[in-house]
2 protein chains.
Amino acid sequence: MVSSNDVAKLAGVSQATVSRVLNNSEKVNAATTKKVNDAIQELNYRPNAAARSLISRKSGIIALMCGPLDDPENAEFSGKTIAYAREKGFITELHIQDPNEPAAVFESIGRSQAEGILAGPIMLVGAGVELLEKSGIPYAFCGMEYQGNGSFISMDNRAAGSMAADYIYSLNHRVVGWLGGNSDEPRLHDRYTGFLERMKQQEIEILSATDAISDWDPILSAMMARKDRPTAIVAATDAIGAYAIDFLIAYGYSIPEDISIVGIGNSKQAAMNYLGLTSVGLPGETDIFKAGVDQLIARINGDSIVPVPKGGLMPELFERKSAVAI
Amino acid sequence: MVSSNDVAKLAGVSQATVSRVLNNSEKVNAATTKKVNDAIQELNYRPNAAARSLISRKSGIIALMCGPLDDPENAEFSGKTIAYAREKGFITELHIQDPNEPAAVFESIGRSQAEGILAGPIMLVGAGVELLEKSGIPYAFCGMEYQGNGSFISMDNRAAGSMAADYIYSLNHRVVGWLGGNSDEPRLHDRYTGFLERMKQQEIEILSATDAISDWDPILSAMMARKDRPTAIVAATDAIGAYAIDFLIAYGYSIPEDISIVGIGNSKQAAMNYLGLTSVGLPGETDIFKAGVDQLIARINGDSIVPVPKGGLMPELFERKSAVAI
DNA sequence: ATGAAAGCGCTAACAA
DNA sequence: TTGTTAGCGCTTTCAT
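Quantities reported herein were computed from a predicted structural model and do not represent experimental measurements. (Residues numbered from 1 in each chain as written. Chains lettered and ligands numbered in written order. Predicted model: local features only at pLDDT ≥ 70, side-chain atom pairs only at ≥ 80, totals over all residues. Heavy atoms only, no water.)

K.L.:
Any chance you could explain the protein's contact with DNA strand C here in plain terms?
P.N.:
Surveying the vicinity of DNA strand C reveals 26 residues, the closest of which are Arg20, Thr32 and Arg57 of chain A together with Ser4 and Tyr45 of chain B. Here the atoms of DNA strand C within 4 Å of the protein split so that 65% fall in sugar or phosphate, with bases taking the remainder. Contact distances for DNA strand C include 2.6 Å between a phosphate oxygen and a side-chain N or O atom of Thr17 of chain A. (Near = heavy atom within 4 Å. Polar contact = N/O pair within 3.5 Å; in protein donor to acceptor, adjacent residues only side chain to side chain.)

This is how it looks when you write it as structure tokens:
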């Protein structure tokens, strides 16, 4: 490996001068600068990032924790977050949480050289948050309401659940299924809570499945096998909603003629005409990820904390074609 | 920041011993080990990753270059690659290429502390590959056939294009649109080449759009505005195909009654029943990403290069419901 | 404007 | 088994 020392020798200057040129700091003689740059060129020298961050205590890396990317909502969130972080000068390590082993992601993150950790849509499981805390690395939550030391910025997930419930009720559905809302994932749990609360008020019959599962087939089978099968299903995420539609079509149902489906999240996917998934969520242009990244960077820099909206952003209903009145 | 020196002092041992305990190498006295671990616990000490990698010349990080995650094919690829890399002991930095500024990703990657670079589905633009080469960091291509120093592992994209062409021809379509296939992205360019070659043989009228654009609306409008509008459209990726379907539905068309659509890639998305996109690609369980990661790790370790299948893996046709004969 | 030297936190000889 | 010491490649005083 070629070091700044090699460059210095070739350029006939001291190693410190090479460093100065690299950081184009201070006033270095133009002639010297040229000599050094020529040597850098010739040797194809690249500064060693590890040595730099050993001194500066800055790696230029943040870690993003996120659920599986086959959920378009997660993919969209990650993509936007990574792009925005890059704008802000950070490279992003992506740590994807395996739903079958949700604790693992918290462990690997401790070894990270990241300057900060952004906890996106993930399951908060076991000693996970404690590990985050103990890592000593600044962190922030984004997309869920976690009441800890990390800040958070989020949609009001509970309100979203309630709105889905109200909508389905207004469409005269009285036997309703619910999919998702695993209690380890605060975002989804809050959605379920809001939904349940409102439905209970109306004394609607609810068939809920809130387990942390990746395979919804048996759940959907069980729901649809009943004599009083649901006339509508509300899903904790659009991805689950889309999956339900996929499944139901395979089983011969027509959507929404045979059964109505409502998602939560208002992802891009939901808005596609071939899916047309009615969904409760924030308008597409809402930049939750920006607030998250800004918040995290503020924490990294030890700035006074940027205030976040209390209680989360209020979602809206986006009516498309997957749900109708009966 | 608490260092191994602080731990050593508290434990009443030398700093080297702390290091030994950390790497649970050599034989350290059980009693000493306990003292050290207690001190680590008490101070909540975490080893400094930068210092470690300064010595070991290993960061435990690989960089993955990939196209935008709102293409489900990219999201799927990234997710699987990251998971597999983690299995192999590597954390992944995700570098997403902005289609509007495709060169940027090659520059930022040079500064990376990554031990290796995996070039996934991206546009090879300008001096990009040269920069890769000059970075001195081992790299490998994955998902496209680039004939350089980096190895590659891929589907036979050219064959995929040809197969799509043959299929559409066998369905009696004689005015056919093509979407995508930007020449900067070898993967897509090869698909286009294969398609064009076969179509030209048949003297079919082709309306092609191969620009590097993110907005297909004007292209689709222009195609469908013609008096002899195409009866079928082949898309260079499933994501583009899905977008075309979305657009066409919005314009009042029924798929496949009014127009047939065929994608390439056979992504999970294509297989969803609500989309049902006929596509040419590898079976879903094909693990291209594994070969890519394995290849890269071999290069990192300087192992003798693992051989890759020549000419790429042969794709298959997955007939679903978006294309019919006329 | 430039060089010499200290040291970031750690690992890995080499001693003891 | 443990301590001492020498760097890894760089930034940053402090001299010159």
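Back to the write-up after that little detour.
K.L.:
Can you walk me through the pairing of strand β8 (residues 260–264) of chain B in this structure?
P.N.:
For a regular strand, side chains alternate in direction, first toward one face of the sheet and then toward the other. All names here are of chain B. With 5 of 5 residues buried, β8 is to be regarded as a mostly interior element. Burial along β8 is two-sided: the face carrying Ser260, Val262 and Ile264 and the face carrying Ile261 and Gly263 are both buried. Pairing geometry for strand β7 (residues 232–235) and β8, over 3 bridges, is parallel. Looking at the pairing, Ile233 lines up with Ile261 of β8. With 3 bridges joining them, β8 and strand β9 (residues 278–281) adopt parallel strand pairing. Counterpart to Val262 in the pairing with β9 is Thr278. (Buried < 20%, exposed > 50% of the residue type's maximum accessible area, 1.4 Å probe, protein only. Helix = DSSP H or I, 4+ residues; strand = E, 2+ residues; numbered from the N terminus. Pairing = 2+ DSSP bridges.)

K.L.:
So what exactly am I meant to see when it comes to the protein's contact with DNA strand D here?
P.N.:
Of all residues adjacent to DNA strand D, which total 27 residues, the nearest are Ser4 and Tyr45 of chain A together with Arg20, Thr32 and Arg57 of chain B. Near the protein, within 4 Å, the atoms of DNA strand D are sugar or phosphate in 64% of cases. Here a base oxygen of DNA strand D sits 3.3 Å away from a polar atom, N or O, in the side chain of Gln15 of chain A. In this structure, Ser14 of chain B approaches DNA strand D through a main-chain N or O atom, which is 2.8 Å from a phosphate oxygen. Mapped by element, the contributors of at least two residues to the surface near DNA strand D are α2 (15–22) and α4 (49–56) of chain A together with α2 (15–22) and α4 (49–56) of chain B. Among the residues forming the surface near DNA strand D, the class breakdown is 11 nonpolar, 10 polar and 6 charged. (Nonpolar A, V, L, I, M, F, W, Y, C, P; charged D, E, K, R; others polar.)

K.L.:
So what exactly am I meant to see when it comes to the relation of the copies chain A and chain B here?
P.N.:
Each of the two copies of the chain can be brought onto the other by a rotation about an axis and a shift along it. Once chain A has been moved 0.0 Å along the axis and rotated by 180°, it coincides with chain B to within an RMSD of 0.1 Å. Between the two chains, the operation in question is that of a two-fold axis. Proximity to the rotation axis, assessed at the C-alpha, singles out Glu93 of chain A in chain A; its C-alpha lies 2.0 Å from the axis. A symmetric contact is evident, with 100% of the interface residues of chain A recurring at the interface of chain B. (Least-squares fit on C-alpha atoms with pLDDT ≥ 70 in both. Contact = heavy atoms within 4.5 Å.)

K.L.:
Explain the nonpolar core to me, please; I cannot follow it from the model alone.
P.N.:
Grouped burial of nonpolar side chains is what soluble globular proteins tend to show. Ranked by internal contacts, the top residues of the largest apolar core, which has 92 residues, are Leu94 and Phe195 of chain A together with Leu94 and Phe195 of chain B. Contact partners of Phe195 of chain B, with chain neighbours within four places excluded, come to Gly161, Ser162, Ala165, Val176, Trp178, Ile206 and Val234 of chain B. Among the nonpolar cores identified, the runner-up in size contains 52 residues, and Ile219 of chain A together with Leu220, Ala270 and Leu275 of chain B belong to it. (Core = buried A, V, L, I, M, F, W, Y, C linked by side-chain atoms within 4.5 Å.)

K.L.:
Is there a simple way to think about the environment of Tyr253 of chain B in this case?
P.N.:
All names here are of chain B. Of note, Tyr253 is situated in the loop between α11 (238–250) and β8. As a C-alpha pair, Tyr253 and Ala325 span 72 residues in sequence and 17 Å in three-dimensional space. Beyond its immediate chain neighbours, meaning those up to four positions away, Tyr253 contacts Met224, Arg229, Leu248 and Asp258. Here Arg229 takes part through its side chain, which lies 3.3 Å from a polar atom of the side chain of Tyr253.

K.L.:
I would appreciate a short explanation of the interface of chain A and chain B in the present structure.
P.N.:
A common measure of how large an interface is: the accessible area buried when the components associate. Counting residues at the interface gives 46 residues for chain A, matched by 46 residues for chain B. Between chain A and chain B, a total of about 3900 Å² is buried, with carbon and sulfur atoms accounting for 58% of that surface. It is Gln113, Lys134 and Tyr274 of chain A that lose the most area in chain A upon contact with chain B, and together they represent 17% of the buried surface on that side. Between Lys268 of chain A and Asp70 of chain B there is a salt bridge, with the nearest N and O atoms lying 3.2 Å from each other. For the side of chain A that touches chain B, the secondary-structure elements that each account for two or more residues are α4, α5 (72–87), β2 (91–96), α6 (104–110), α7 (128–135), α11 (238–250) and α12 (268–271) of chain A. (Buried area = accessible area lost by both parts, 1.4 Å probe. Salt bridge = Lys/Arg side-chain N within 4 Å of Asp/Glu carboxyl O.)

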